[in-house]
Amino acid sequence: MALKTKFSDEELIHILSHYELGEFIHSEPCAGGTVQTNIVLYTTKGRYVFRYYENRKEGSVLFEVSLLSYLKDQQYPCPAPICKKDGGYIGVHQLKSFVLFEFMDGQHISNPTMNQRKQLIQKAAELHNLTQHYVPVNREDRLNYSMDLCRDLAHQASHRINTTEATEKFSWLEKELLQLQLPQSLPSGICHADFHFSNVLYLNDEFHALLDFDDANHTYLLYDLVGLIESSAWRHDHDNILDFAKARQVLSEYSKYRALHSLEEMHLFDVYKLSILMDCVWYFDRGHVQDFYEKRKIDFINAIGREQFNHQLFGSLSSH
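All of these numbers come straight from a predicted model, not from anything done at the bench. (Residues numbered from 1 in each chain as written. Predicted model: local features only at pLDDT ≥ 70, side-chain atom pairs only at ≥ 80, totals over all residues. Heavy atoms only, no water.)

**Student:** A description of the layout of surface pockets should follow, citing residues and the corresponding values.
**Tutor:** Estimated volume of the largest pocket: approximately 1,200 Å³. Lining the largest pocket are 37 residues, with Ala193, Asp194, Asp215, Asp279 and Trp282 sitting closest to its centre. For the lining of the largest pocket, the secondary structure elements donating two or more residues are α6 (222-233), α8 (262-282) and α9 (293-304). Counting residues per element, the lining of the largest pocket draws most heavily on α6, which supplies 7 residues. The class makeup of the residues in the lining of the largest pocket is 15 nonpolar, 8 polar and 14 charged. In this structure, the second largest pocket encloses a volume near 500 Å³. Within the residue set of the lining of the second largest pocket, elements represented by two or more residues are β1 (24-29), β2 (37-43), β3 (46-52), α2 (58-73) and β5 (96-102). Looking at the lining of the second largest pocket residue by residue, the classes come out as 14 nonpolar, 7 polar and 6 charged. (1 Å grid on protein atoms, 1.4 Å probe; cavity = no way out; pocket = protein on both sides within 12 Å on 5 of 7 lines; lining within 4 Å. Points joined across faces, edges and corners; volume = space filled by probe spheres on them. Helix = DSSP H or I, 4+ residues; strand = E, 2+ residues; numbered from the N terminus. Nonpolar A, V, L, I, M, F, W, Y, C, P; charged D, E, K, R; others polar.)

**Student:** Explain helix α3 (residues 114-131) residue by residue, including any values.
**Tutor:** Look at α3: 26 Å from first C-alpha to last across 18 residues, which is about the 26 Å you get at 1.5 Å a residue. Regarding α3, the residues found buried are Gln116, Gln119, Leu120, Ile121, Lys123, Ala124, Ala125, Leu127, His128 and Thr131. Looking at the buried positions of α3, the neighbouring elements they touch are α2, β6 (188-191), β7 (200-203), β8 (206-210), α6 and α7 (244-255). (Expected span 1.5 Å × (residues − 1). Buried < 20%, exposed > 50% of the residue type's maximum accessible area, 1.4 Å probe, protein only. Contact = heavy atoms within 4.5 Å.)

**Student:** Let's hear about the pairing of β5: which residues, and what values?
**Tutor:** With 5 of 7 residues buried, β5 is to be regarded as a mostly interior element. Across 5 bridges, β3 lies against β5 in antiparallel orientation. What sits directly across from Tyr48, in β5, is Glu102. Relative to β5, strand β4 (residues 91-93) is paired through 3 bridges, and the arrangement is antiparallel. Note on β5: the bridge partner recorded for Gly91 is Phe98. In textbook terms, the turn of a hairpin is the stretch between consecutive antiparallel strands, and for β4 and β5 this stretch comprises 2 residues, one of which, Gln94, has a positive phi near 50°. (Pairing = 2+ DSSP bridges.)

Purely geometric stuff here, so don't read any function into it on its own.
Here it is as structure tokens:
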């Protein structure tokens, strides 16, 4: 990994002076992570992860620290933030926030087995169970995925690119958003929003830790479930087709640990489309307005329609 910000040994020694973690020995970059700078610190008392937030305001970091502290208290497998001598968790270096976390053993698996995939689905469901009634700190400092956020970010992207095509793409996205049905009573909580296996550690073939809550936010719990379905069931090699048999397998496994509300079954169709439209925002300048990746996916789902989509996913699960 290429560090966005490099730290000298002297700087790291100074940072460690704010903790009771022993004397600095050496450091090395973390294997994963692409947005924030992550460094493993070796001291006379052990290993720790120094996370330097390149693009997060303090409120957003507080959201993450408070969430991880809560999850760790609930015995959820994630890294705990480490308290400084002054009782706080967040430090500042060169006007940017940093936090030290416990080091979690394990390996990143690039080609997970079916059993390892099932364990991730289970831990996603457990995360949702733990946070459905959790009141997040500094919620407003995160990008909490919603129709309004999607519209606002797309409008900003369109304005930034400032071309006729960007304006037309925004009009298409806005039209699709207006078709979504997302009632306020749809269950919400914390979604990790990035279940890539580079963010998961396994130890002796067992799920050991979920890392990198950089994208975590308060949104529809279905959002993470859609992400799990997407990674297992969307067929990129067959002109963008959803494999409903594999999607049902994900749903069945997830439902063992958190049963879906009937309202969620009715509106998974809408959250799935919202997730695609959010991807459109992140890659707004990709492709042409007449034919681009997210449009092809939306067209595929629209062609199936809500009723058939729900039947394909839940028809065989209704008796469980």
